[in-house]
Amino acid sequence: MNKHIHLVSFLINSPVNHTLLSWAAPGDNRLEALGELKLWQDLARTLERGKFDGVFFADTPGVFDRYRDSHEDAVKYGVCWPCFDPVVLLSALAAATTHLGLAATMSTSSYQPWTIVRQLGTLDYLSGGRVGWNIVTGHLRGEHRALGLHQLDHDRRYDRADEYMEVCYKLWNSVKPGAVVADREAGIYADPDKVEFIDHQGEFFSCQTVSPVLPSPQGHPVLFQAGSSGRGQQFAVSHADVVFSIQPNVAGMKRFMTDLAQAARTAGKTTPAVSFGVQPIVGGTEEEARRKLQDLVERLPIDGCLARLSGTMGVDFAGMDLDQPLAEIETQASQGLMKAFSNIAGDKPLTLREVAIRWGLAVGKPQIVGTPEQVADRLEQIWRETGCYGYNMTPTVMASSVEDFVDQVVPILQQKGVYRTEYEGTTFRANLGLN
Ligand SMILES: Cc1cc2nc3c(=O)[nH]c(=O)nc-3n(C[C@H](O)[C@H](O)[C@H](O)COP(=O)(O)O)c2cc1C
């Protein structure tokens with residue numbers, strides 16, 4: 001078990017982090033934040049005060065357009081629309097912080113390897129080695145439609161992503177130690193013998209160049225991955241430093257830990273660290289916390305929830321009976337999430353309505369509801385019981401839910417000795433405790 005619980009804040013640069021219509025809650029500042037850097041920077045400073053490992057931005061390029069075969073519900077309710085760019089925003093957060101890790105999702109369908117190495121590498125170098133990349137293969141139809149791309153099938157996307165990573169590793173390893181001479185008198189910037197020209201010709205990619213960036217103090221960005229199908233796990237054990245997973249309950253988390261360890265053994269690799277998605281809801285009393293949750297649920301527009309769910313699952317749920325259990329439907333989108341929610345470990349099946357509500361609240365992440373003590377106890381308990389590395393936490397109302405967590409729950413975790421009181425290093429990799 002790792003020394004202490006690791007926390008990452010899970011955000012989206014859109015009107016919602018995950019909870020639909022959270023922007024309509026009294027006191028929420030999310031809509032203002034979309035156009036005001038200072039509010040995001042304040043949030044990042046709060047997370048740094050709470051000694052979070054990092055902030056992690058999901059990204060859903062394009063628009064959710066599966067439900068009723070239309071984008072209208074996504075636009076109407078602001079379901080990840082607009083989808084502003086996460087990397088641009090992270091640059092501003094880098095300027096406002098000194099230790100907070102800065103992770104962004106970039107899809108291997110939307111960008112070429114060279115572009116990702118350059119864009120994230122620039123921020124990694126500038127920020128002193130604080131960047132992470134959540135590698136996704138592009139399960140959303142809307143992403144491909146926006147870019148005019150043909151969407152490959154699920155497993156082919158992973159095959160392509162394996163080769164994608166090969167190109168990234170070549171680029172990351174292109175600049176050898178001592179390559180930069182920076183000899184002002186001789187007028188020599190770098191030693192060409194120490195900057196390898198890569199010549200990649202593969203099934204999917206051709207790349208002939210040298211690295212566009214210099215290695216940062218952590219080498220290259222920390223690699224996150226969040227696919228949980230069998231093929232997704234194979235990919236994860238080959239490439240990821242940390243795996244993000246969403247499971248509906250603790251039994252699902254345990255099942256995931258076992259499956260991932262098995263996938264690692266089969267591949268002869270070490271098991272990556274696992275961070276589970278949760279949504280804490282803190283109140284002065286348990287009743288107040290439950291009331292907060294109820295307020296969020298009452299605000300959810302069911303069509304918005306179904307638009308989000310249909311997008312992730314790659315299935316148009318329009319016209320289906322909301323009160324029947326969610327059946328496992330074959331999909332080329334997220335097979336891992338489809339399986340986890342249609343085949344609930346250790347619990348009764350969820351109806352389509354229940355899954356849609358969970359999606360509208362937090363794309364399926366379980367809520368941890370209660371007083372600060374109860375929330376801290378539960379986080380410790382799940383961490384001990386599952387052997388996970390920590391949590392990928394999504395806030396509800398902005399910015400108050402983050403402030404409540406940092407001011408009320410973090411000190412309890414620290415008193416329990418299960419959470420850091422100071423950052424261990426200056427790079428994301430060091431603070432995550434990775435080699
Ligand atoms: C915590 C978490 C975060 C994710 N973030 C994104 C994201 O920002 N953008 C995206 O396109 N997919 C995202 N995904 C989807 C996965 O990366 C993956 O592509 C999808 O689940 C399909 O893979 P699978 O069938 O192997 O599970 C996320 C999944 C999880 C569990």
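Cut-offs applied
- Residues numbered from 1 in each chain as written.
- Predicted model: local features only at pLDDT ≥ 70, side-chain atom pairs only at ≥ 80, totals over all residues.
- Heavy atoms only, no water.
- Helix = DSSP H or I, 4+ residues; strand = E, 2+ residues; numbered from the N terminus.
- Contact = heavy atoms within 4.5 Å.
- Lys, Arg positive; Asp, Glu negative; His and termini not counted.
- Charge placed at Lys NZ, Arg CZ, Asp CG, Glu CD.
- Near = heavy atom within 4 Å.
- Polar contact = N/O pair within 3.5 Å; in protein donor to acceptor, adjacent residues only side chain to side chain.
- Areas by Shrake-Rupley, 256 points an atom, 1.4 Å probe, with all protein chains shown as cover.
- 1 Å grid on protein atoms, 1.4 Å probe; cavity = no way out; pocket = protein on both sides within 12 Å on 5 of 7 lines; lining within 4 Å.
- Sits in = over half its atoms within 2 Å of the grid points.
- Buried < 20%, exposed > 50% of the residue type's maximum accessible area, 1.4 Å probe, protein only.
- Salt bridge = Lys/Arg side-chain N within 4 Å of Asp/Glu carboxyl O.
- Core = buried A, V, L, I, M, F, W, Y, C linked by side-chain atoms within 4.5 Å.
- UniProt positions renumbered as here; feature names shortened; annotations may be inferred.
- Axes fitted to C-alpha atoms, helices over the stretch in contact; angles between N-to-C directions.
- Parallel < 35°, antiparallel > 145°, perpendicular 65-115°, else oblique.
- Left-handed = near helix turned anticlockwise from the far one by under 90°.
- Nonpolar A, V, L, I, M, F, W, Y, C, P; charged D, E, K, R; others polar.
- Disulfide = S-S within 2.5 Å.

Colleague: Pulling in residues and values, what's your account of the overall build of the chain?
Modeller: Along the chain, the regular secondary structure elements total 16 helices and 13 strands. Viewed in the frame of its principal axes, the chain has a C-alpha envelope of about 70 × 50 × 45 Å. Within the chain, contacts between residues at least 6 apart in sequence are counted, and of these 75% link residues at least 24 apart. A gap of 2 Å separates the mean positions of the 40 positive and 51 negative side-chain charges of the chain.

Colleague: How would you sum up the site of the ligand? Please name residues and give values.
Modeller: Neighbouring the ligand are 21 residues; Asp 59, His 154, Tyr 158, Ser 229 and Ser 334 lie closest to it. At a separation of 2.7 Å, an oxygen atom of the ligand approaches a polar side-chain atom of His 154. Here an oxygen atom of the ligand sits 2.6 Å away from a polar atom, N or O, in the side chain of Ser 229. Protein chains bury 95% of the 620 Å² of accessible surface belonging to the ligand in isolation. With respect to the detected pockets, the ligand is housed in the largest cavity. Where the shell around the ligand is concerned, the elements lending two or more residues are strand 4 (131-136), helix 7 (154-172) and helix 12 (335-342).

Colleague: So, unusual backbone geometry: which residues are in play, and what are the values?
Modeller: Looking along the chain, the bond that leaves Trp 81 and enters Pro 82 is cis, with omega of 0°. If you trace the backbone, Pro 82 turns up in the loop between helix 3 (72-77) and helix 4 (86-96). Of note in the backbone geometry, Lys 51 takes a positive phi value of approximately 55° without being a glycine. By secondary structure assignment, the location of Lys 51 is in the loop between helix 2 (37-49) and strand 2 (54-58). Within the chain, Arg 68 stands out as a residue other than glycine whose phi angle is a positive 55°. Locating Arg 68 in the fold gives a position in the loop between strand 2 and helix 3. Look at Arg 68 and you get partly exposed, because its relative accessible area is 43%.

Colleague: I'd like a rundown of the pattern of salt bridges, residues and numbers included.
Modeller: Inspection of every chain in the model, using the stated rule, returns 26 salt bridges. With a closest N to O distance of 2.5 Å, Arg 156 and Glu 203 form a salt bridge. Within this pair, whereas Arg 156 is found in helix 7, its partner Glu 203 is found in the loop between strand 7 (198-201) and strand 8 (206-209), the two being separated by 47 residues in sequence. On the basis of relative accessible area, Arg 156 is assigned to the partly exposed category, the value being 35%. Note on Glu 203: relative accessible area 60%, which makes it exposed. One salt bridge connects Glu 385 with Lys 254, and the closest N-O pair in it is separated by 3.1 Å. Taken as a pair, Glu 385 in helix 14 (residues 372-386) and Lys 254 in helix 9 (residues 250-267) lie far apart in primary sequence, 131 residues in all. A relative accessible area of 39% places Glu 385 in the partly exposed class. Through salt bridges with shared partners, a single ionic network connects Arg 156, Asp 159, Asp 162, Glu 203 and Arg 231.

Colleague: Before we move on, can you summarise the nonpolar core with the specific residues and values?
Modeller: Of all hydrophobic cores here, the largest spans 77 residues; its most connected members are Trp 133, Tyr 391 and Phe 405. Leu 20, Phe 244, Ala 307 and Met 313 belong to the second largest nonpolar core, which has 56 residues in total.

Colleague: I'd like a description of the UniProt feature "binding site: FMN" (unreviewed entry) in the chain, backed by residues and values.
Modeller: UniProt's feature table lists "binding site: FMN" (unreviewed entry) at Asp 59, Thr 105, His 154, Tyr 158, Ser 228 and Ser 229, given in the numbering used throughout. As for the annotated residues, the ones lining the largest cavity are Asp 59, Thr 105, His 154, Tyr 158, Ser 228 and Ser 229. Within the secondary structure, Asp 59 sits in the loop between strand 2 and helix 3. Asp 59 has contacts with Phe 84, Pro 86 and Thr 105, leaving out every residue within four places of it along the chain.

Colleague: Let's hear about the packing of helix 14 against helix 15 (residues 400-415): which residues, and what values?
Modeller: Taken N-terminus to C-terminus, the directions of helix 14 and helix 15 make an angle of 55°; their axes are 9 Å apart at the nearest point. In this view, helix 14 runs oblique relative to helix 15, as classed from their interaxial angle. Every pair of crossing elements has a handedness; the one defined by helix 14 and helix 15 is right-handed. On helix 15, the residues touching Pro 372, Glu 373, Val 375, Ala 376 and Leu 379 of helix 14 are Phe 405, Gln 408, Val 409, Ile 412 and Leu 413. In terms of residue class, the contact of helix 14 with helix 15 is made up of 8 nonpolar, 1 polar and 1 charged.

Colleague: So what's going on with the side chain of Ser 9? Residues and values would help.
Modeller: Here Ser 9 lies in strand 1 (residues 6-12). Excluding anything up to four places from it in sequence, Ser 9 contacts Leu 47, Phe 52, Gly 54, Val 55, Phe 56, Met 393 and Pro 395.

Colleague: Got a sec to walk through the state of the cysteines? Specific residues and values, please.
Modeller: Structurally, a disulfide amounts to a covalent bond that connects the sulfur atoms of two cysteines. Per the stated rule, a full pass over the model turns up 0 disulfides. Its sulfur unpaired, Cys 168 is 8.9 Å from the next cysteine sulfur, which belongs to Cys 207. Cysteine Cys 305 remains unbridged, with the sulfur of Cys 80 as its closest cysteine sulfur at 12 Å. Residue classification places Cys 305 among the buried residues on the basis of a relative accessible area of 0%.

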